[in-house]
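The primary structure of each chain is shown beneath.
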Amino acid sequence: MSEQTLTLRPAQREDVGTILELIRLLAEYEHMTDQVVATEALLAETLFDKRQAEVLLAELDGQSVGMALFFHNYSTFLGRGGLYLEDLFVRSEYRGRGFGKQILQRLAQIAVERGCGRMEWACLDWNAPSIGFYRSLGAQPMDEWTVYRLTGDTLAAVAGNAGKKAGDGTY
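Rules behind the numbers
Residues numbered from 1 in each chain as written. Predicted model: local features only at pLDDT ≥ 70, side-chain atom pairs only at ≥ 80, totals over all residues. Heavy atoms only, no water. Pairing = 2+ DSSP bridges. Helix = DSSP H or I, 4+ residues; strand = E, 2+ residues; numbered from the N terminus. Axes fitted to C-alpha atoms, helices over the stretch in contact; angles between N-to-C directions. Contact = heavy atoms within 4.5 Å. Expected span 1.5 Å × (residues − 1). Buried < 20%, exposed > 50% of the residue type's maximum accessible area, 1.4 Å probe, protein only. Arc of directions from axis to C-beta.

S.K.: How would you sum up the sheet that holds strand β4 (residues 80–90)? Please name residues and give values.
M.R.: Spatially, the five strands line up as an open sheet ordered β1-β2-β3-β4-β5, and their pairing is mixed. With partners counted over all chains shown, the strands left at the sheet margins are β1 (6–10) and β5 (119–121), one partner each. Each strand of the sheet is rotated relative to its neighbour by a mean of 30°, with strand direction disregarded. Bridging between β4 and β5 involves three bridges; their strand directions are parallel. Residue pairing for β5: leucine 83 is matched across the bridge by methionine 119. Along the sheet, helix α3 (residues 99–113) makes contact with β1, β2 (54–60), β3 (63–75), β4 and β5, crossing β4 at roughly 165°.

The structure is reproduced here in structure tokens:
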């Protein structure tokens, strides 16, 4: 069996179908398929027109293996930007072959190249395989922090725009 080389590349607009497929597979893995409302059109707008996030695609012999979706955040304490990994996903049939590690290594390189002070992400508490993987890389959990979230009607109410959906206005 010949050794196959994983290719990591920035996603392009024509990849939105693949990105959405991987998002749906991730949601299935995380038991959250009912929460996926993304569409190809919305991904094209937010990823390529508005550039709200970036996607790194992993391919093996031209076939989609996985992806990382990330964006920049900012640390006031460091006075520098950071790289926030929103989603890392490798198709089940390709897990255990080091592809997730290669994707994270490339993201770390991107963070260093861009002068980021840190790279961080969240992981579901029940996801023992991922937690073990992240710890094996030296990543440390931030146990003292709790993530909070506003969405939908609650977000609109806090914004003072009851009944408006997020994204309906400009900053």
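S.K.: Help me get a handle on α3, residues and values and all.
M.R.: Its 15 residues give α3 an end-to-end C-alpha distance of 21 Å, which sits within 8% of 21 Å, the value for a rise of 1.5 Å per residue. Three or more residues of α3 are buried, namely Phe99, Gly100, Ile103, Leu104, Leu107, Ile110 and Ala111. End-on, the buried residues of α3 take up no more than an arc of 135°, which puts them together on one face. Summarising the geometry of α3, the exposed residues directed more than 90 degrees from the buried face are Val112 and Glu113. Along its buried surface, α3 packs onto β1, β2, β3, β4, β5 and α4 (128–136). Glycine 115, located one to two residues past α3, shows a positive phi value of around 75°.

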